[in-house]
Amino acid sequence: MSTTPSTELGVRESFARDASGLVFIPESVARPASQDEVVELLRRAVADRVPVTAAGGQTSTTGASISEQGMILSLRALDRVLGIDEERRTVRVESGVLLGPLKRQLAAEGWLLAPDPTSEEDVTIGGAVACNASGARTLRYGAMRAHVAALRVLLANGEVHELRRPGLEKNTAGYAFAQDPVDWFVGSEGTLGVVLEAELALLPLPPRVLGIGIPFASEEAALGFVVAARDAASVHPRCLEYFDERALAIARRAQGDDRWAAGAGALVYVEETSGADEEPPLEDWLALAEAHGAIADDLLVFDGESQLRDARRIRHAVPAYMNEQGATFRPAGGRKLSTDWAVPHRKLALAIAEARRLADAAGIEQAVTYGHAGNGHPHQNFLARDADEKARIEAVIEDTLRWVLRHGGTVSAEHGIGKLKRKWLPLQATRMQLGAMRALKRELDPLGLLAQGNVL
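Just so we're clear, the structure is a prediction, and the values are computed from it rather than from any experiment.

Analysis parameters
- Residues numbered from 1 in each chain as written.
- Predicted model: local features only at pLDDT ≥ 70, side-chain atom pairs only at ≥ 80, totals over all residues.
- Heavy atoms only, no water.
- Pairing = 2+ DSSP bridges.
- Helix = DSSP H or I, 4+ residues; strand = E, 2+ residues; numbered from the N terminus.
- Axes fitted to C-alpha atoms, helices over the stretch in contact; angles between N-to-C directions.
- Contact = heavy atoms within 4.5 Å.
- Expected span 1.5 Å × (residues − 1).
- Bend = angle between axes of the 7 residues up to and from the residue.
- Buried < 20%, exposed > 50% of the residue type's maximum accessible area, 1.4 Å probe, protein only.
- Core = buried A, V, L, I, M, F, W, Y, C linked by side-chain atoms within 4.5 Å.
- 1 Å grid on protein atoms, 1.4 Å probe; cavity = no way out; pocket = protein on both sides within 12 Å on 5 of 7 lines; lining within 4 Å.
- Points joined across faces, edges and corners; volume = space filled by probe spheres on them.
- Nonpolar A, V, L, I, M, F, W, Y, C, P; charged D, E, K, R; others polar.
- Parallel < 35°, antiparallel > 145°, perpendicular 65-115°, else oblique.
- Left-handed = near helix turned anticlockwise from the far one by under 90°.

**Some details on the sheet that holds strand E13 (residues 239-244)**
And then number 1: Pairing is antiparallel in the open sheet, where seven strands are placed in the order E15-E12-E14-E13-E17-E18-E16. Of all the strands in the sheet, just strand E15 (300-303) and strand E16 (335-338) have a single pairing partner and so form its edges. On average, adjacent strands in this sheet sit at an angle of 15 degrees to one another, irrespective of strand direction.
And then number 2: Two elements, E16 and strand E18 (residues 377-384), share four bridges in a ladder whose sense is antiparallel. Counterpart to Arg-335 in the pairing with E18 is Ala-384.
And then number 3: Along the sheet, helix H11 (residues 348-361) contacts E13, strand E17 (368-372) and E18; its crossing angle with E18, the most-contacted strand, is approximately 15 degrees.

**What to know about helix H10 (residues 305-327)**
And then number 1: The end-to-end C-alpha distance of H10, which contains 23 residues, comes to 32 Å, matching closely the 33 Å that a straight helix rising 1.5 Å per residue would cover.
And then number 2: Residue Ala-317 marks the point of greatest curvature in H10, where the axis turns by about 30 degrees; the proline Pro-319 follows within four residues.
And then number 3: Those residues of H10 lying buried are Leu-308, Ala-311, Arg-312, Ile-314, Arg-315, His-316, Ala-317, Val-318, Pro-319, Met-322 and Gly-326.

**Quick word on the nonpolar core**
And then number 1: The biggest cluster of nonpolar side chains holds 51 residues, and the ones touching the most others in it are Ile-214, Phe-225, Val-268, Trp-285 and Trp-341.
And then number 2: Elements that contribute at least two residues to this core include exactly strand E12 (208-216), helix H7 (219-231), E13, strand E14 (266-274), helix H9 (282-291), H11, E18 and helix H12 (387-406).
And then number 3: Sequence-distant contacts of Phe-225, that is, excluding residues within four places in its chain, are made with Ile-214, Phe-216, Val-268, Val-270, Trp-285, Leu-288, Ala-289 and His-292.
And then number 4: Formed by 29 residues, the second largest nonpolar core is a distinct cluster that contains Trp-111, Val-148, Ala-198 and Leu-202.

**Overview of empty space enclosed by the protein**
Rolled over the atoms, a probe as big as a water molecule pinpoints where empty space is left.
And then number 1: Applying the stated rule across the entire model yields four cavities of 30 Å³ or more.
And then number 2: Lining the largest cavity are 15 residues; nearest its centre among them are Ala-136, Tyr-269, Arg-312, Arg-315 and His-316.
And then number 3: Per-element accounting of the lining of the largest cavity gives the leading share, five residues, to H10.
And then number 4: Split by residue class, the lining of the largest cavity holds five nonpolar, four polar and six charged.
And then number 5: Its volume calculated, the second largest cavity comes out at about 90 Å³.
And then number 6: Surrounding the second largest cavity, Gly-213, Phe-243, Leu-248, Ala-251, Trp-260, Leu-267, Tyr-269, Phe-302, Ala-311, Ile-314 and Arg-315 form its lining.
And then number 7: The set of elements that each furnish at least two residues to the lining of the second largest cavity consists of helix H8 (245-255), E14 and H10.
And then number 8: Take the lining of the second largest cavity: its biggest share by element is three residues, from H10.

**Observations concerning the packing of H7 against H9**
And then number 1: The geometry of H7 relative to H9 is characterised by a closest axis approach of 10 Å and an angle of 140 degrees between their N-to-C directions. Looking at the two axes, H7 sits oblique to H9. Like other packed secondary-structure pairs, H7 and H9 cross with a definite hand, here right-handed. Judged by residue contacts, Phe-225, Ala-228 and Ala-229 of H7 engage Trp-285, Leu-288 and Ala-289 from H9.
And then number 2: In terms of residue class, the contact of H7 with H9 is built from six nonpolar, no polar and no charged.

**Looking at H12**
Residues separated by three or four positions in an α-helix point in the same direction, a consequence of the helix having 3.6 residues per turn.
And then number 1: With 20 residues, H12 should cover 28 Å at 1.5 Å per step; its first-to-last C-alpha distance of 29 Å lies within 8% of that length.
And then number 2: Among the residues of H12, Glu-389, Ile-393, Glu-394, Val-396, Ile-397, Thr-400, Leu-401, Trp-403 and Val-404 are the ones counted as buried.
And then number 3: Buried positions along H12 lie against E16, H11, E18 and helix H13 (425-428).

**Side note on the packing of H11 against H12**
And then number 1: At a closest axis distance of 9 Å, the pairing of H11 and H12 adopts a crossing angle of 150 degrees. Judged by the angle between their axes, H11 and H12 are roughly antiparallel. In terms of crossing hand, the pair formed by H11 and H12 is right-handed. In contact with Leu-350, Ala-351, Glu-354, Ala-355, Leu-358 and Ala-359 of H11, H12 contributes Val-396, Asp-399, Thr-400 and Trp-403.
And then number 2: Tallied by class, the residues present in the contact of H11 with H12 amount to seven nonpolar, one polar and two charged.

Structure below.
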């Protein structure tokens, strides 16, 4: 570790990839060992007009943590857990701490850190804050933003700011967006400052969690069940995850049983919590599932931490498999293309049907579709075998996004904009909104050196 950035090709190549499928070799890589070294490196880079892109675990799906311009500032070595405040129910950590190991450490002490992005074993806290990470359990707990109590942030001018949420029930002091600067940096994708530390809110660990994999004969039945599960008073899901027929085939392989739910056209995975002396409402879930045409004989129950880890592994096998497949097409100019749109959850079935219609009309192979149906937020994973097919898929995605926006949706629900989705942000954000974002960017980073190419 050093305050002298490395220009060795091997080092630069090792920081040239994230989960987006893009490859950008930076001009240099800095690997500071302390916050003081981060401050020194950024001050020197700004003085020399060198662009700086902060990076953690580099799990971004949008190219946010890689760049061909200037220096990659790796924060992986800032990995100290600074303390748990049991009275305030918070944990303070440096930005390079990995989310998965931190969650297990906290669970051993009876605490739940709720955000659960798919990449939690590799994502750093700083990266999770920077992209406002979320995951399956966002249905109940919300995204990372809801759990950030305070931040220590380094600005482009070299100043370090300690920011804490005001915690007020009433406040009329100025414009609403300026009352809580913590929110400026959560989801800013490194464009406004460098997160050095985060203080995160904790919840008591649920005494018991039950997972249920519920197969359905058709996509329509499964998505109808999702809406019913959100409306039902008898169940309280903390996640409602969807697998279409193609995603279910991948999950079967990960489960190790090709015969499981052989006649199913879709699957919904749910989780329910209960108290130490309570039984989870399994019978209520069964009744609701059967009322919506579930294949009840093939239902899978995951009870206990070990089995829940298996369920998580099966779910995560879908994007992992698609990433592997996409990588094989990179030499020909192809790759995996993934959507991140969302609509109000009652419109999800219509949105998926329209997305499929658009793909069929363009002669594109249907995507593997899975994800956070409870939030109206699926992921479509397309495979482009070459550059021509990639362009045709991107055209279908844009047409889908235009439909999504007409029906109250968003172009990006959890992965952020980064570099890959920058062209689609103006479809959603008005000129007024983009102007306000640029004004804040100019105020905090007047030379435009931080995370060039991300968002704006």
